[in-house]
Amino acid sequence: MSAAHALHVLAAVLWVGGMFFAYMILRPSAGPLEPPDRLSLWARVFQRFFGWVWGSILVLLVSGYGMIHLEFGGFAHLPIYINVMQGLGWIMVLMFLHLFFAPWKRFRRLVAAGDFPAAKDQLEQIRMIVKINLGIGLVVVLVAGSGRYW
Ligand code: HEM
């Protein structure tokens, strides 16, 4: 099960680290660009990043529930930190699904059509969701990393 544990942590690093980079580094750095350049840049960035997020989610869920069944003997006696991780993890997944199928789909279409004022509103929604998911993701990492010592 050490492989599942390692893959689980790797997937968490890619997803949460990617959001950290996008929100804390790329967002302020791209700010001075003109809207057409800035919004097109974000369209290319998210196009690449979201593929990795889908992969990370798949790995997190399969490895997470694999460890629950094989290491913890099922759901009956799970430590509280695993339940907190599971609950917050599902909130992150649902927020990403909304982001992907609502504002991201619209944003991509509007950027391709050159409607940058409308695309900006969709990017604002994506930014809000990424901000919230980044916050939850950081809390999950703190809970997951410290839980066994409580
Ligand atoms: C959604 C369903 C999830 C399940 C069922 C799950 C389950 C688990 C389990 C069983 C462990 C092993 C704990 C141990 O051996 O003490 C673990 C560890 C971990 N999980 Fe999750 N997890 C989920 C989501 C997430 C998410 C979304 C993140 C981060 C964004 C995350 C980050 C971590 C980290 C960093 C560890 C390693 C903790 C350590 O070794 O110190 N997990 N998870």
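For the structure itself, look to the data block above.
Residues numbered from 1 in each chain as written. Predicted model: local features only at pLDDT ≥ 70, side-chain atom pairs only at ≥ 80, totals over all residues. Heavy atoms only, no water.

Caption draft 1: How the structure looks around the overall build of the chain. Check the secondary structure of the chain and you find 4 helices and 0 strands. Starting at the N terminus and walking to the C terminus, you meet the elements of the chain as α-α-α-α. With the C-alpha coordinates aligned to their principal axes, the bounding extent of the chain is approximately 55 × 25 × 20 Å. For the chain, with 150 residues in total, the buried portion stands at 39%. Taking contacts inside the chain between residues at least 6 apart in sequence as the whole, the part at least 24 apart equals 74%. For the chain, the exposed area adds up to about 8500 Å²; of that, 71% sits on carbon and sulfur atoms. The average position of the 12 basic charges and that of the 6 acidic charges among the side chains of the chain differ by 4 Å. (Helix = DSSP H or I, 4+ residues; strand = E, 2+ residues; numbered from the N terminus. Buried < 20%, exposed > 50% of the residue type's maximum accessible area, 1.4 Å probe, protein only. Contact = heavy atoms within 4.5 Å. Areas by Shrake-Rupley, 256 points an atom, 1.4 Å probe, with all protein chains shown as cover. Lys, Arg positive; Asp, Glu negative; His and termini not counted. Charge placed at Lys NZ, Arg CZ, Asp CG, Glu CD.)

Caption draft 2: Structural detail: the site of the ligand. The environment of the ligand is formed by 22 residues, the closest being His5, His8, Tyr81, Met85 and Arg148. The contact in question runs from an oxygen atom of the ligand to an N or O atom on the side chain of tyrosine 81, over 2.4 Å. Elements represented by at least two residues in the shell around the ligand include exactly helix H1 (2–30), helix H2 (35–70), helix H3 (80–112) and helix H4 (116–146). Among the elements that line the shell around the ligand, the one with the most residues is H2, at 6 residues. Of the residues in the shell around the ligand, the class split is 14 nonpolar, 6 polar and 2 charged. (Near = heavy atom within 4 Å. Polar contact = N/O pair within 3.5 Å; in protein donor to acceptor, adjacent residues only side chain to side chain. Nonpolar A, V, L, I, M, F, W, Y, C, P; charged D, E, K, R; others polar.)

Caption draft 3: Focus on the nonpolar core. Counting residues in each nonpolar core, the largest one holds 42 residues, and the members touching the most others are Trp15, Trp42, Phe50, Trp104 and Phe107. At the level of elements, H1, H2, H3 and H4 are the ones that each hand at least two residues to this core. Leaving out residues up to four positions away in the same chain, tryptophan 15 has contacts with Phe49, Val53, Ser56, Ile57, Leu60, Met92, Val93, Phe96 and Asn133. (Core = buried A, V, L, I, M, F, W, Y, C linked by side-chain atoms within 4.5 Å.)

Caption draft 4: Layout of H4. Taking 1.5 Å of rise per residue, 31 residues should cover 45 Å, and H4 covers 44 Å from first to last C-alpha, within 8% of that figure. The N-capping residue of H4, defined by a side-chain oxygen 3.4 Å from the backbone nitrogen of alanine 118, is aspartate 115. (Expected span 1.5 Å × (residues − 1).)

Caption draft 5: Representation of the environment of arginine 106. Note on placement: arginine 106 falls in helix H3. With a relative accessible area of 31%, arginine 106 lands in the partly exposed category.

Caption draft 6: View of the coordination of the iron atom of the ligand. Those donors, His8 (NE2) and Met85 (SD), are the protein atoms that reach the iron atom of the ligand, and they lie 2.0 Å from it. Each of the 6 donor atoms around the iron atom of the ligand contributes to a set of angles spanning 86 to 179°, which defines the coordination as octahedral. Taken together, the residues span a long stretch of sequence, with histidine 8 in helix H1 and methionine 85 in helix H3 at a distance of 77 residues. Accessibility classification places histidine 8 together with methionine 85 in one group, the buried group. (Donors = N, O, S within 2.8 Å, 3.2 Å for Na, K, Ca; no water. Tetrahedral: all angles 85-135°; square planar, octahedral: opposite > 155°, others 65-115°.)

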